[in-house]
Amino acid sequence: MQTPDYQGGSIVNLMASIMTARGGRSAYPALRLLPPEEVRGITNLILLVIDGLGADYLARHSPEGPLTRHLRGAITSVFPSTTAAAIPCFLTGDAPQQHGLTGWFTWLRELGCIMTVLPGHPRYGGAGYRQAGIDPAKLYGLVPIFQRMQTPSLVVAPSYIAGSDFNLALSGGARILPFETLGDMFRTTATALRQDAGRKYLYLYWPLLDTLGHRHGIEAPATVRHLQEIERAVIDFLVQAAGTDTLLLITADHGQVDTTPAGRIDLAGHPTLRRAMALPPCGEPRAAFCYVRPGHIDIFTAYCRAHLAEHLDVVRSEDLIAQGLFGLGEPNPRLAERIGDLTLLMRGNSVIHERLPSETPHVQIGAHGGLSRAEMLVPLCLMRA
């Protein structure tokens, strides 16, 4: 098990270093691998987040590649090790302990439903945040990192994300530049570097490696080929950006593990658990937050230990807060209600899920959200132009 290192070794601490270097403040220590003074004088500071790129995965599939040659070291993601919990860290500088976003499916008591927080729709489908008259900026009450620094900022995001309610809410204070393809992302960035010679911070997000991992498996040839495409595009970008006094930091929100049919647990086959639950499981298939009906905690726990012990551990969700898995300091007032009564931490490569009537059956081969080394450790690479 690999737990987050919020004392100086996580993506949250990376953001603390960036904020401090750009005139802001963080409640978290700076990253040990990147002291703020090392990057304070850089004109163009770029953070590229490659969704799904685990540190061990990079070492295994590109041991001599350009990212590995410029590897500063491995750092940890957050818990859960998933986009919905980690991307808000990059966009606010806060850990899940403070931002309170705990997985792809999050129970929002204030809205009375389980939300897919990034797309911004109820899990069963229907109207998004603003279409339903909800301002996500007010709903979550989070301060974007771009408003906490003293240099102009740009968010370079896929066009299907750039104008989303969630992205707009957490990109306040930054100029948003949409793109369509991998090459387009870097061309857009290179143009922005040369249009303005002043000091600035740029946040770039690339999602396709994670998408391919879910669809084909993180170890699949198509996914590995895409890693090579990313590395070639990075090298081309450094040529385009030559002479601009740019430091490119490359990291990820999490890694992935590949699942197998034997490790995929469908709650439809476990009616005892379903009867004991007040809601479908929230969070992630690798870290499921369970809301248990009054008087059914012992039944739920006993069933898991008797029938699913090889696949999962059952822990009290409040214990995860006490152990510091979500972060340091005072928790978000909503955190406890967003992680349920019990958490199922999956063993090996197992996952657990329940399909709603509105959801089309599908299998994600690559998965994340848990505490394995493959999911939790991400690379930090530094490249100069």
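Rules of the game
- Residues numbered from 1 in each chain as written.
- Predicted model: local features only at pLDDT ≥ 70, side-chain atom pairs only at ≥ 80, totals over all residues.
- Heavy atoms only, no water.
- Helix = DSSP H or I, 4+ residues; strand = E, 2+ residues; numbered from the N terminus.
- Rg over C-alpha atoms; globule rule 2.2 N^0.38 Å.
- Buried < 20%, exposed > 50% of the residue type's maximum accessible area, 1.4 Å probe, protein only.
- Areas by Shrake-Rupley, 256 points an atom, 1.4 Å probe, with all protein chains shown as cover.
- 1 Å grid on protein atoms, 1.4 Å probe; cavity = no way out; pocket = protein on both sides within 12 Å on 5 of 7 lines; lining within 4 Å.
- Points joined across faces, edges and corners; volume = space filled by probe spheres on them.
- Polar contact = N/O pair within 3.5 Å; in protein donor to acceptor, adjacent residues only side chain to side chain.
- Phe/Tyr/Trp six-rings, centres within 6.5 Å; stacked < 30°, edge-to-face > 60°.
- Nonpolar A, V, L, I, M, F, W, Y, C, P; charged D, E, K, R; others polar.
- Pairing = 2+ DSSP bridges.
- Axes fitted to C-alpha atoms, helices over the stretch in contact; angles between N-to-C directions.
- Contact = heavy atoms within 4.5 Å.
- Parallel < 35°, antiparallel > 145°, perpendicular 65-115°, else oblique.

Peer 1: Explain the overall build of the protein chain to me, and be specific about the residues and the numbers.
Peer 2: Within the protein chain, the secondary structure is distributed over 16 helices and 18 strands. For a compact globule of 385 residues, the expected C-alpha radius of gyration is about 21 Å, and the protein chain comes in at 20 Å, within 12% of that figure. Expressed along its principal axes, the backbone C-alpha trace of the protein chain runs to roughly 65 × 45 × 35 Å. Taken over 385 residues, the protein chain has a buried fraction of 60%. As displayed, the protein chain offers around 15,100 Å² of accessible surface, 53% of which is attributable to carbon and sulfur atoms.

Peer 1: How would you summarise the layout of surface pockets if you had to cite specific residues and measurements?
Peer 2: Taken as a whole, the largest pocket holds about 1,400 Å³ of empty space. What lines the largest pocket is a set of 46 residues, and nearest its centre among them are Trp104, Phe105, His214, His362 and Gln364.

Peer 1: So what's going on with the side chain of Asn167? Which residues, and what values?
Peer 2: Tracing the sequence through the fold places Asn167 in helix α9 (residues 165-170). Judged by its relative accessible area of 6%, Asn167 is buried. Engagement of the side chain of Asn167 in a polar contact is seen with the backbone oxygen of Ala162, the distance being 3.0 Å.

Peer 1: Before we move on, could you go through the packing of aromatic side chains and cite the residues and values that matter?
Peer 2: Evaluated as defined, the whole model comprises 11 aromatic pairs. Ring geometry for Phe79 and Phe289: centres 6.5 Å apart, planes at 85°, overall edge-to-face. Of this pair, Phe79 sits in the loop between β2 (71-76) and α5 (83-92) while Phe289 sits in strand β13 (residues 287-290), placing them 210 residues apart in sequence. Phe289 shares its class with Phe79; the two are buried. By the ring-pair criterion, three or more aromatic residues cluster together here, those being Phe79, Phe289 and Phe326.

Peer 1: Give me empty space enclosed by the protein: which residues, what numbers.
Peer 2: The rolling of a water-molecule-sized probe over the atoms marks out the regions of remaining empty space. Summed over the entire model, instances satisfying the criterion amount to 1 cavity of 30 Å³ or more. Volume-wise, the largest cavity comes out at about 40 Å³. In terms of lining, the largest cavity is formed by Pro136, Ala137, Tyr140, Gly141, Leu142, Phe166, Ala169 and Leu170. Every element with two or more residues in the lining of the largest cavity is listed here: α7 (136-140) and α9. Residues belonging to the lining of the largest cavity are distributed by class as follows: 7 nonpolar, 1 polar and no charged.

Peer 1: Describe unusual backbone geometry, with residues and values.
Peer 2: In this structure, the amide linkage connecting Phe79 to the following residue, Pro80, adopts the cis form with an omega of -5°. Tracing the backbone through its elements, the reader meets Pro80 in the loop between β2 and α5. Look at Asp245: it is not a glycine, yet its phi comes out positive at around 55°. Along the chain, Asp245 turns up in the loop between α12 (221-240) and β9 (246-251). Taking relative accessible area as the criterion, Asp245 reaches 27% and is therefore assigned partly exposed.

Peer 1: An account of the sheet that holds strand β7 (residues 174-179) is needed here, citing residue identities and associated values.
Peer 2: With mixed pairing, the 7 strands of this open sheet are ordered in space as β2-β18-β9-β1-β8-β6-β7. Of all the strands in the sheet, just β2 and β7 have a single pairing partner and so form its edges. The mean inter-strand angle of the sheet, taken between neighbouring strand axes irrespective of direction, is 20°. Running over the sheet, α5 touches β1 (44-50), β8 (200-206) and β9 and is turned about 165° from β8.

Peer 1: So what's going on with the packing of helix α1 (residues 11-21) against α5? Residues and values would help.
Peer 2: At a closest axis distance of 9 Å, the pairing of α1 and α5 adopts a crossing angle of 10°. Judged by the angle between their axes, α1 and α5 are roughly parallel. Residues Ile11, Val12 and Met15 of α1 form the contact with α5, whose own contacting residues are Ala86, Cys89 and Phe90. Considering only residue class, the contact of α1 with α5 consists of 6 nonpolar, no polar and no charged.

Peer 1: Outline the pairing of β9, listing residues and values.
Peer 2: Burial analysis of β9 places 6 of its 6 residues in the buried class, the great majority of the element. Alternating residues of β9 divide into Thr246, Leu248 and Ile250 and Leu247, Leu249 and Thr251, and every residue in both groups is buried. Pairing geometry for β1 and β9, over 6 bridges, is parallel. Along β9, the bridge assignment pairs Asn44 with Thr246. Strand direction decides the pairing type here: β9 and strand β18 (residues 377-384), joined by 4 bridges, are antiparallel. Within β18, the position partnered with Leu248 by the bridge is Met383.

Treat this as a map of the structure, not an account of what it does.
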